[in-house]
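Reading the structure
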Amino acid sequence: MPLSRVVLAAALMAMPLALPAQARDVASGITEDASMAKAQHAQWTRLLAKYVHTSDDGVHRVDYGALKANGADRAALDAYIARFADMDLSGTNDAAFAAWANLYNAVTVRYIVEKYPIGSIKDGYFFGGPWKKIMVAVGGRNVSLDDIEHKILRPKFRDPRVHYAINCAAFSCPNLMAKAWEPATLDADLDAAARAYVNNSRGVSVTDRGLVLSSIYDWFAADFGGSKQAVIDHFLKYADTGLAKQIRANPKIRSYDYDWSLNDTE
């Protein structure tokens, strides 16, 4: 072979292979391609759009009874959850966050539908709730809802907005969105969810004697900065102009409250 061809062949072998158009995060095993990520959660979005309804008080309620009665949609929910069994969610990118949050919410909805009719996710428990017992297969291992929240989402992603991303099927919980979380819009959607909760009386209620807050800001104070002032600063970041003015006028935290009744349409 002529020397020129040998040099050319060596150069071609040394060149890196072209990356596919659909980029992939090796750490998480989840594609960051927006269209692919949307397709991964399309079935969950369809179910949410069908069964989540916004009431006049701004609370998103779920028609658990209708979902329980629809065998095809229950099978679709099972199929969506089953897709996570072999999925690698070990990364810390937006795609992994969205996937974990979607899985948490889907498994919670399935649990409620299986138990329905019930008055609260905590029915049958004198202390605590079912979160350590509700298991799901992910990436070849079984994890609980408690694991997803406290061993994965909170410590790995270190974003206080995780509390607006996962829904515990309670009235006082931040809303379950009527669409799936997706990496392409995750940051904007999390901010929108934070604003929706902070500006609703379930999140912050202003009284003459001070602020009545959701117990989320007490239970998980460390996630919101670890002090009462940090929690106030968090509110001011997302509060509408009127609410922000009221908070600044009387920033004292008076008490915390949480309603565990089911976020049901009934």
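One can find the structure itself at the top, above this paragraph.
First, a word on scope: everything that follows refers to the structure included in this document.

Conventions we followed
- Residue positions within a chain follow its written sequence, with the count starting from 1.
- This being a predicted model, a pLDDT of at least 70 is required before a residue's local features are given, and a value of 80 or more before pairs of side-chain atoms are given or counted; all residues contribute to the totals for chains, interfaces and linings.
- Heavy atoms from the whole structure form the basis of all side-chain values; hydrogens and water molecules are not counted.
- Only when DSSP finds a minimum of two bridges between them are two strands counted as paired.
- Counting from the N terminus, the helices are the DSSP runs of H or I reaching at least four residues and the strands are the DSSP runs of E reaching at least two.
- The length a helix should cover is 1.5 Å for every residue beyond the first.
- Under the scheme applied here, a residue whose accessible area is under 20% of the maximum for its type counts as buried, over 50% as exposed, and between as partly exposed, the area being computed with a 1.4 Å probe on protein chains only.
- What the arc describes is the spread of directions from the helix axis to the C-beta atoms.
- What qualifies as a polar contact is a pair of N or O atoms within 3.5 Å, subject to a donor-acceptor requirement within protein and to the restriction that residues adjacent in sequence count only when both atoms come from side chains.
- Orientation is described by lines fitted to C-alpha atoms, with helices fitted over the stretch in contact, and by angles between N-to-C directions that extend from 0 to 180 degrees.

Overview of the pairing of strand 6 (residues 141–144)
Taken residue by residue, a regular strand's side chains alternate between the two faces of the sheet. In this structure, strand 5 (residues 135–138) lies alongside strand 6, joined through four bridges in antiparallel fashion. Paired with alanine 137 across the two strands is asparagine 142, which belongs to strand 6. Between strand 5 and the antiparallel strand that follows it, strand 6, lie two residues; glycine 139 among them carries a positive phi value of about 55°.

Some words on helix 5 (residues 71–82)
The terminal C-alpha atoms of helix 5, which comprises twelve residues, lie 16 Å apart, in line with the 16 Å expected from a rise of 1.5 Å per residue. Burial in helix 5 covers these residues: Asp73, Ala76, Leu77, Tyr80 and Ile81. Buried residues of helix 5, seen end-on, are gathered within an arc of 135° and therefore sit on one face of the element. Those residues of helix 5 that are exposed and aimed more than 90 degrees away from the buried face are Gly71 and Ala72. The N-cap residue of helix 5 is asparagine 70: its side-chain oxygen and the backbone nitrogen of alanine 72 are 3.2 Å apart.

Some details on the sheet that holds strand 7 (residues 204–207)
Across the sheet, three strands lie side by side as 7-8-9; this open sheet has mixed pairing. Each edge of the open sheet is held by one strand with a lone partner, namely strand 7 and strand 9 (253–257). Each strand axis lies, on average, 25° off the axis of its neighbour in the sheet, ignoring direction. Summarising the sheet, strand 8 (residues 210–214) and strand 9 pair through four bridges and their orientation is parallel. Of the residues in strand 9, the one forming a bridge with valine 212 is serine 255.

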